[in-house]
Amino acid sequence: MIDQKTITKNISSAIDKINYSKLGKRYSGKVRDWYKQEHFRILIATDRISAFDRVLGLIPFRGAVLNKLSQFWFEKTRDIVPNHMIGVIDPNIMLVTECQALPVEVVVRGYITGVTSTSLWRKYSEGERVIYGIKFPEGLVKNQKLKNPLITPTTRGTGPSGHDEPITAAEIIKKKLVPSSLWKQIEKVAYKLFERGSQICQKAGFILADTKYEFGLDKKGRLTLIDEIHTPDSSRLWVKKTYPARFKTGEEVENYDKEFMRLWFAQQGYMGSGKPPQMPSDLIVKIAQRYIDACENITGEKFVIDLTIPPKQRILESLSKLI
Ligand SMILES: Nc1ncnc2c1ncn2[C@@H]1O[C@H](COP(=O)(O)OP(=O)(O)O)[C@@H](O)[C@H]1O
Ligand SMILES: [Mg+2]
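The rules behind these values
- Residues numbered from 1 in each chain as written.
- Chains lettered and ligands numbered in written order.
- Predicted model: local features only at pLDDT ≥ 70, side-chain atom pairs only at ≥ 80, totals over all residues.
- Heavy atoms only, no water.
- Pairing = 2+ DSSP bridges.
- Helix = DSSP H or I, 4+ residues; strand = E, 2+ residues; numbered from the N terminus.
- Contact = heavy atoms within 4.5 Å.
- Axes fitted to C-alpha atoms, helices over the stretch in contact; angles between N-to-C directions.
- Buried < 20%, exposed > 50% of the residue type's maximum accessible area, 1.4 Å probe, protein only.
- Core = buried A, V, L, I, M, F, W, Y, C linked by side-chain atoms within 4.5 Å.
- Expected span 1.5 Å × (residues − 1).

This part covers the sheet that holds strand β1 (residues 27–28). Reading across the sheet, the five strands line up as β1-β2-β3-β7-β6 and stay open at both edges, with antiparallel pairing between neighbours. Two strands close off the open sheet at either side, each with one partner strand: β1 and β6 (85–90). Here strand β3 (residues 40–45) runs beside strand β7 (residues 93–97); their pairing, made up of five bridges, is antiparallel. Across the sheet, the residue bridging to Ile44 is Ile93, located in β7. This element, helix α2 (residues 62–77), spans β2 (32–36), β3, β6 and β7 of the sheet and lies at about 145 degrees to β6. Contacts from helix α9 (residues 311–320) reach β3, β6 and β7 within the one sheet, and its direction differs from that of β6 by about 125 degrees.

Attention now moves to the pairing of strand β14 (residues 223–226). Of the two faces of β14, the one lined by Leu223 and Leu225 and the one lined by Thr224 and Ile226 are each fully buried. Alignment of strand β13 (residues 206–217) against β14, held across four bridges, turns out to be antiparallel. Residue pairing in the sheet places Leu217 in a bridge with Leu223 of β14. Joining the antiparallel neighbours β13 and β14 is a turn of five residues, in which Gly221 adopts a positive phi near 80 degrees.

To continue, consider the nonpolar core. When a protein is soluble and globular, its nonpolar side chains tend to lie buried together. By size, the foremost hydrophobic cluster in this structure holds 69 residues, and its most contacted members are Tyr213, Phe215 and Met279. Element by element, the count of residues in this core is highest for helix α8 (residues 281–299), at 10 residues. Met279 has contacts with Ile49, Leu56, Gly57, Leu58, Ile59, Met261, Trp264, Phe265, Ile284 and Ile287, leaving out every residue within four places of it along the chain. The next biggest cluster of nonpolar side chains, apart from the first, holds 11 residues, and it includes Ile15, Leu23, Ile42 and Ile44.

Let us look at the environment of Val81. Tracing the backbone through its elements, the reader meets Val81 in the loop between α2 and β6. Residue Val81 is classed as buried on the basis of its relative accessible area, which comes to 3%. Placed 186 residues apart in sequence, Val81 and Gln267 show a C-alpha to C-alpha distance of 40 Å.

Another point: unusual backbone geometry. Here the phi dihedral of Asp53 falls at roughly 65 degrees; this positive angle occurs in a residue that is not glycine. Look at Asn143: it is not a glycine, yet its phi comes out positive at around 75 degrees. Residue placement: Asn143 occurs in the loop between β10 (134–135) and β11 (144–151).

The next subject is helix α5 (residues 180–203). Taking 1.5 Å per residue, 24 residues should reach 34 Å; α5 reaches 35 Å between its end C-alpha atoms and fits that length. Within α5 the residues assigned to the buried category are Leu182, Trp183, Ile186, Val189, Ala190, Leu193, Phe194, Gly197, Ile200 and Cys201. Looking one or two residues past α5, Gly205 carries a phi angle of roughly 90 degrees, positive in sign.

The following block contains the structure:
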């Protein structure tokens, strides 16, 4: 059992980055480090946490939770679309098929919410009624369920400071970012993935309010789900039980995702520019606990990890076995 005391003790050994030059050049995004091999990619989920497109600190066990949840969901959805997962060789490492990533992020939303510049609620509350090329009726309120889930794509920002911009389906096709028949296939797959995700989350006591998928083409040109899926990083997860009462009174929903830390930073007056405030350790512990709880509820398994060896050392040992 990973309790608060254990999390606190592990704050100092949270994983910032993994350098292993024997595997060649280290690449990194906001959360993951990776090494490219001839036929596959070694994807390492670190404990870095980002919001407002910036890395804002480290949360112990977060990388392992993200990796575990992605593994769970890739297994649960491979009948809908092939994915990049080859195998998990360490709690923080997934071997994946190297794909040519498509230049769009496929966001599916079941609810209208969010405070960031690409989120539906932010735009709607600022008076926009045609958002992502979709017409919205008057009278919607924050966190309301949409009549049906909607796809609101963005361009794909990459690298440590990557930024995503809203785009419409029509623009994606017009600008030839994705061929039209492939985009149709992606839309179909994304709705099916979201439906599967929502069903499994419901059983685990969560509402999958929205999520983001990334797709790529494998060597044979086949559509492949890449990156991560239905994690608290790529999705908004709300507690199902408290949602109805909170929605009725207008109280903020109970978040089990990054919105929780976003709100803390926003309360400190930080919205992405300037020097970010440092997260206090009690906040770090609370965030870690939520990630672990979400992981356990969704997978239906206890989150266990070897605590007798420092995580970085364990990861380096796992990598050394690949050579
Ligand atoms: N199988 C794959 N093939 C090619 N690129 C991938 C694959 N899986 C993930 N990626 C890319 O690797 C990066 C993962 O790092 P991450 O820290 O999640 O990046 P980001 O800061 O963009 O969220 C992302 O840019 C993602 O698009
Ligand atoms: Mg990512």
